[in-house]
Amino acid sequence: MNGPLIASNVTMVAAWVFPKNPLLDASLDALPLSQEVKRGFKLFTNTPREAPRLAPGGISCTNCHINGGQREKSLPLVGVTGMFPEYNKRAGRLFSLGDRITDCFLRSENTTGGTLSAAELPTPTSSEVLAISAYLTWLSRGSETGKNPPWRGQNAIAAAALLSIDRLDPRKGEAIYSERCVSCHGPDGQGVAIGDKKAGPLWGPGSWNDGAGAARVYTLAGMIRYSMPYLDPGNMTDEDAQQLAAFIDSKPRPVFPFKERDYRTEKLPADAVYYARP
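Below is a short write-up of the structure.

What counts, and where the lines are drawn
Residues numbered from 1 in each chain as written. Predicted model: local features only at pLDDT ≥ 70, side-chain atom pairs only at ≥ 80, totals over all residues. Heavy atoms only, no water. Phe/Tyr/Trp six-rings, centres within 6.5 Å; stacked < 30°, edge-to-face > 60°. Helix = DSSP H or I, 4+ residues; strand = E, 2+ residues; numbered from the N terminus. Buried < 20%, exposed > 50% of the residue type's maximum accessible area, 1.4 Å probe, protein only. Lys NZ or Arg CZ within 6 Å of the ring centre and 35° of its normal. Expected span 1.5 Å × (residues − 1). Contact = heavy atoms within 4.5 Å. Core = buried A, V, L, I, M, F, W, Y, C linked by side-chain atoms within 4.5 Å. Salt bridge = Lys/Arg side-chain N within 4 Å of Asp/Glu carboxyl O.

A separate point is the packing of aromatic side chains. In the structure shown here, the tally under the stated rule is ten aromatic pairs. An angle of 85 degrees between the planes, with centres 5.1 Å apart, marks the rings of Phe 18 and Phe 41 as edge-to-face. Of this pair, Phe 18 sits in the segment before α1 (32–45) while Phe 41 sits in helix α1; the two residues are 23 residues apart in sequence, bridging distant segments of the chain. Comparing Phe 18 with Phe 41 shows no difference in burial state: the two are buried. Feature note: the residues Trp 16, Phe 18, Phe 41, Phe 44, Tyr 135 and Trp 138 constitute an aromatic cluster, connected by ring pairs. A cation over a ring is seen here: Lys 259 above Tyr 275, with NZ or CZ 5.9 Å from the ring centre.

Put into structure tokens, the structure is as follows:
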């Protein structure tokens, strides 16, 4: 453990260990809020089973926010609720916690690629969004409001180590993928069953869409750098993580239908490779 978080170098065999588990918290009673905390945890850790209409590709929140959002350098969410509302560069406006969760559904879990009509898509007041908000708020108990926890943002590769996008070669990334990733993610990137678990799809119709955070090369590279490979997380160089991310984000994936609304205020990031450039 590193404070309240599972250490980043712990093998991913422990990916389904939850240091704080509301289902085991005897202080949570039968009142509605306690039940929503538990429901939010279930949604977070097995989204396709608990809300299949919102996760048509089969991705769960915990696929990115590993260990139920409680793993160091894997987008941990312990203590983050007190930072909202906060400015979102992609949207160019303040985001509430509900806004942020909704965006994850629409993009990372590709709810927009399912069968729901525009009127049926999740919003900050959807019951699933509110339940996950309840879980994350429970997870952040005791944290200081308005102060970023020290572990937030630590899953990014240092700016000085970033290679320009034109120096990244998907062919190099493909070679790294074949050597280090196929055993879990398969040659087709769709995931291999490991016991009763299966790695999430990295491209294709079941993966995150092209408006998701992981569709940005540097963002994905940071996730790979500190969370992979499965049995030895963190054992990859900054450059290899970026080459691998460039390969994964060169592959086809679902189209986010509202990309024209993004980056109207802020400059389009160089690594947002699925966006049309002026």
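Okay, back to it.
Our next topic: α1. Along its 14 residues, α1 runs 20 Å from first to last C-alpha, staying within 8% of the 20 Å computed at 1.5 Å per residue. When we look at burial in α1, the residues that qualify are Ser 34, Val 37, Lys 38, Gly 40, Phe 41, Leu 43, Phe 44 and Thr 45. The inward-facing, buried residues of α1 abut α2 (47–50), α3 (66–69) and α5 (127–139).

Here the focus is unusual backbone geometry. Residue Pro 85 is reached from Phe 84 by a cis peptide bond, and omega for that bond is 5 degrees. By the element assignment, Pro 85 lies in the loop between α3 and β1 (86–88). Residue Pro 229 is reached from Met 228 by a cis peptide bond, and omega for that bond is 0 degrees. Looking at the element boundaries, Pro 229 is found in the loop between α8 (217–227) and α9 (238–248). Even without a glycine there, the phi angle at Lys 73 is positive, about 60 degrees. Within the secondary structure, Lys 73 is located in the loop between α3 and β1.

Okay, the nonpolar core next. Judged by nonpolar contacts, the single largest core of 30 residues is most densely connected at Phe 44, Ile 101, Ile 132, Tyr 135 and Leu 136. Elements represented by at least two residues in this core include exactly α1, α4 (97–106) and α5. Of all the elements, α5 adds the most residues to this core, at eight residues. Beyond its immediate sequence surroundings of up to four residues, Ile 132 is in contact with Gly 40, Leu 43, Phe 44, Cys 61, Ile 101 and Phe 105.

By the element assignment, Thr 45 lies in helix α1. Excluding residues within four positions of it along the chain, Thr 45 makes contact with Trp 16, Phe 18, Ser 60, Thr 62 and Gly 68.

A word on the pattern of salt bridges. Think of it this way: side chains of opposite charge can pair up when their charged atoms draw near. Applying the stated criterion across every chain yields a total of 14 salt bridges. In this structure, the salt-bridge partner of Asp 262 is Arg 107, at a minimum N-O distance of 2.9 Å. Taken together, the positions of Asp 262 in the segment after α9 and Arg 107 in the loop between α4 and α5 put the pair 155 residues apart, joining distant regions of the chain. A salt bridge links Asp 238 to Arg 225, with the shortest nitrogen-to-oxygen separation between them at 2.8 Å. Within this pair, whereas Asp 238 is found in helix α9, its partner Arg 225 is found in helix α8, the two being separated by 13 residues in sequence. Residue class for Arg 225 comes out buried when judged on its relative accessible area of 17%. Through salt bridges that share partners, Arg 90, Asp 103, Arg 107 and Asp 262 make up one connected network.

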